[in-house]
Amino acid sequence: MSLLAQIQARAPQAAAALVSLLVLNCSVFAQATVTVDGSSTVFPITEAVAEEFQKANAGVRVTVGVSGTGGGFKKFLRGEIDICDASRPIQVAEMIEAKKQGIEYVELPVAFDGLTVVINPKNEFLKELTVADLKKIWEPAAQGTITKWNQVRPEWPDAKITLYGAGSDSGTFDYFTEATVGKAKSSRTDFTASEDDNVLVKGVAADKNALGYFGYSYYAPNASKVKAVPIVNAAGKAIAPSATSIEDGSYNPLSRPLFIYVNKKSLARAEVRNFVDFYLKNGPKLVAEVRYVPLPADAYAKSTARFQKGEIGTAFAGHSEIGLHIDELFKRPLVTEPRPDSNGPKEGEKKAAEAKADKPAEKPAQKP
Amino acid sequence: MSANLERLIRGRQWLDAGFAVLGAAMVVLCLGTLGILIADLVRDAAPHLRPEFLNSFPSRRPEDAGIKSALVGTLLVCLVTAVVALPLGVAAGVYLEEYARKNRLTAAIEVNIANLAGVPSIVWGLMALGLLVYKLHMGRSILTAGLTLSFLVLPVIIVATRESVRAIPQVLREGSYALGATRWQTVSRVVIPSSMGGILTGSILAMSRAVGETAPLITIGALSYIAFLPPAPITSAPPFVSFEWLESAFTVLPIQLFNWVSRPDPRFIENAAATGVVLVGMTLSMNAVAIVLRYRLRKKYTT
């Protein structure tokens, strides 16, 4: 009884305290926060920028998540985040969703990544690879049939090929399959797949007959353990990946731009505007520091102009393109309507197909 | 006859000795593997295990990077989990054992709680994402994370509570009733104190499982890079406590560890090892606390 009486006596006080707490909490001034999420490939760059930005701007907070490009876009299109890190351009379904949700976005290229095809340093016979070779090795039809090097080119030895590649959820996998096989996500499946590129480095470093691929930023610090294979580009020259060859576009078709997508509504907030500005200004230095390849200097200037004008839309109309030069990317009109896939090969694809002289067919054969 | 018997006995003795050797070998194998793993981890981690490592934020430079935000995040998430799951779990366990009628319904509930304890953690994460983040709009916050881990450990705590309450001899309760105590007095002064050892052990072990959980927290959207702490729970202005930290974004140790493991720079792997040492240290010390508590409470209530 006495306990009950006590509770009754204290109830109003307790309630008052609780209410005041809630009210106070609601009225607390929310601290300026910039929220970023998305691709794990872009993460190291954004992390470096966030670190420096917060040093320079005390009181502004930046959070960076890693949900993958697809996961990042999901959150971006729900309006949960300000900026989406993306290792590929926005896709058709995402553009349609953006329209539906009324989300406008500014597309800003921030760096290059060169997919690097690597072999064991003991491998002496492999001097170069063409896109056709890569297709032959990686296409779904190769599963179980292309298992030895001499099946790719007769002059190569009669030795087993062991394959290492990116996990199927990564943008790296999408881009590599699109660039080599001709269709995103279309790949043989009998290879060692890992989202963790260190696993691939270790695998290739330990296996004389291995062939693998991953981002240039993983190759650079591991160049003593694995060897990069020069890839025959559109002009017919075998080019090894390097900061120079990736930047000037001669290392193609395996180099790709990385992006950030900024929600236009968020750009009204000073902290987001400052962060993006800081990103593009300090981009070249920080991108190189985390072992990615910076864009040419004028590309950052063009990106800055685009974001200051608040130009929305994408230069890709919802489709990844292979071997697109950065200059062309800025010349294109920005659109918010996706281009349907059924209109036959797109401009860029046609060009890429014409350019790829050693590719047997213009369009890859449909999957059986 | 007797020779035959002797042979039989010798055979059994050999079997006995053989099993003892096998058992000892297994123990050595398990502990040895664990020892080697920990030694390897500590060796990789040694250069990084400095106070600055605990007290600095993550960075792109491996030598400057630390686990301050992840450590604080882990502690706060665990705090929320403990505050939510312990009272609920213990109350539910005591109710089921002491108050609930034994009928089909309670039998069904009991079986299902035991089943819930075996649900994979990622499933809890998906449920929390759907319910807490999308339906209840609680955001990807410390509160959401704490509640998610509470779902995870609640069944374990309930089961542990029930087991230890059931182990209390009936004579203790009867003695209490004989002295004229009510049911509540019996439960609160006899049953709960004497089963406290088992309850605490089970709860702490459940919490140490929660400390290492990653999957459900990634599902609800724990972040990878955070270079600030949540708002302080104690403020200088009245009412001096603030619950704003519950709504803060967060990261936890296992996520920070995973992030570093997948970096190209090998020096980040050393950072990951150091994070692993901190995590293992936390888990082991929680288990040690559980052992000490069990030992002390058992002594107190059995003599």
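Residues numbered from 1 in each chain as written. Chains lettered and ligands numbered in written order. Predicted model: local features only at pLDDT ≥ 70, side-chain atom pairs only at ≥ 80, totals over all residues. Heavy atoms only, no water.

1. Side note on empty space enclosed by the protein
All names here are of chain A. Enumeration according to the criterion identifies 3 cavities of 30 Å³ or more in this entry. The calculated volume of the largest cavity comes to roughly 70 Å³. In terms of lining, the largest cavity is formed by Ser-87, Arg-88, Pro-89, Tyr-175, Arg-256, Pro-257, Phe-259, Phe-316, Ser-320, Glu-321 and Leu-324. No other element matches the 3 residues that strand 11 (residues 255-263) contributes to the lining of the largest cavity. Among the residues forming the lining of the largest cavity, the class breakdown is 6 nonpolar, 2 polar and 3 charged. (1 Å grid on protein atoms, 1.4 Å probe; cavity = no way out; pocket = protein on both sides within 12 Å on 5 of 7 lines; lining within 4 Å. Points joined across faces, edges and corners; volume = space filled by probe spheres on them. Helix = DSSP H or I, 4+ residues; strand = E, 2+ residues; numbered from the N terminus. Nonpolar A, V, L, I, M, F, W, Y, C, P; charged D, E, K, R; others polar.)

2. Re the interface of chain A and chain B
Taken together, the contact pairs 30 residues of chain A with 27 residues of chain B. Summed over both sides, the interface of chain A with chain B buries roughly 2500 Å², with 50% coming from carbon and sulfur. Joining chain A to chain B, the criterion identifies 12 residue pairs in polar contact (both at pLDDT 80 or more). For the side of chain A that touches chain B, the element with the highest residue contribution is helix 2 (residues 43-56) of chain A, accounting for 8 residues. Within the side of chain A that touches chain B, the residues separate by chemical class into 13 nonpolar, 7 polar and 10 charged. By the bridge criterion, 2 bridges tie strand 2 (residues 61-64) of chain A to strand 1 (residues 225-226) of chain B in an arrangement that is antiparallel. (Contact = heavy atoms within 4.5 Å. Buried area = accessible area lost by both parts, 1.4 Å probe. Polar contact = N/O pair within 3.5 Å; in protein donor to acceptor, adjacent residues only side chain to side chain. Pairing = 2+ DSSP bridges.)

3. Some details on the domain arrangement of chain B
All names here are of chain B. The domain boundaries assigned to chain B delineate domain 1 (2-47) and domain 2 (51-302). Taken together, the contact between domain 1 and domain 2 spans 6 residues of the former and 6 residues of the latter. Carbon and sulfur atoms supply 86% of the area buried between domain 1 and domain 2, which totals about 450 Å² over both sides. The largest share of the area that domain 1 buries against domain 2 comes from Leu-41, Asp-44 and Ala-45, three residues that together contribute 73% of it. Taken together, the links from domain 1 to domain 2 amount to 0 salt bridges. The tally of links from domain 1 across to domain 2 stands at 0 residue pairs in polar contact (both at pLDDT 80 or more). Along the lines of polarity and charge, the residues of the side of domain 1 that touches domain 2 split into 5 nonpolar, no polar and 1 charged. (Domains from an automatic or database assignment. Salt bridge = Lys/Arg side-chain N within 4 Å of Asp/Glu carboxyl O.)

4. A short note on the packing of helix 3 (residues 68-77) of chain A against helix 4 (residues 92-101) of chain A
Residues and elements named next belong to chain A. Interaxial distance between helix 3 and helix 4 falls to 10 Å at its minimum, and their mutual angle equals 15°. In this view, helix 3 runs roughly parallel relative to helix 4, as classed from their interaxial angle. Handedness of the helix 3/helix 4 crossing: right-handed. In this structure, helix 3 contributes Gly-70, Phe-73 and Leu-77 to the contact, and helix 4 contributes Glu-94, Glu-97, Ala-98 and Gln-101. Of the residues assigned to the contact of helix 3 with helix 4, the class counts are 3 nonpolar, 2 polar and 2 charged. (Axes fitted to C-alpha atoms, helices over the stretch in contact; angles between N-to-C directions. Parallel < 35°, antiparallel > 145°, perpendicular 65-115°, else oblique. Left-handed = near helix turned anticlockwise from the far one by under 90°.)

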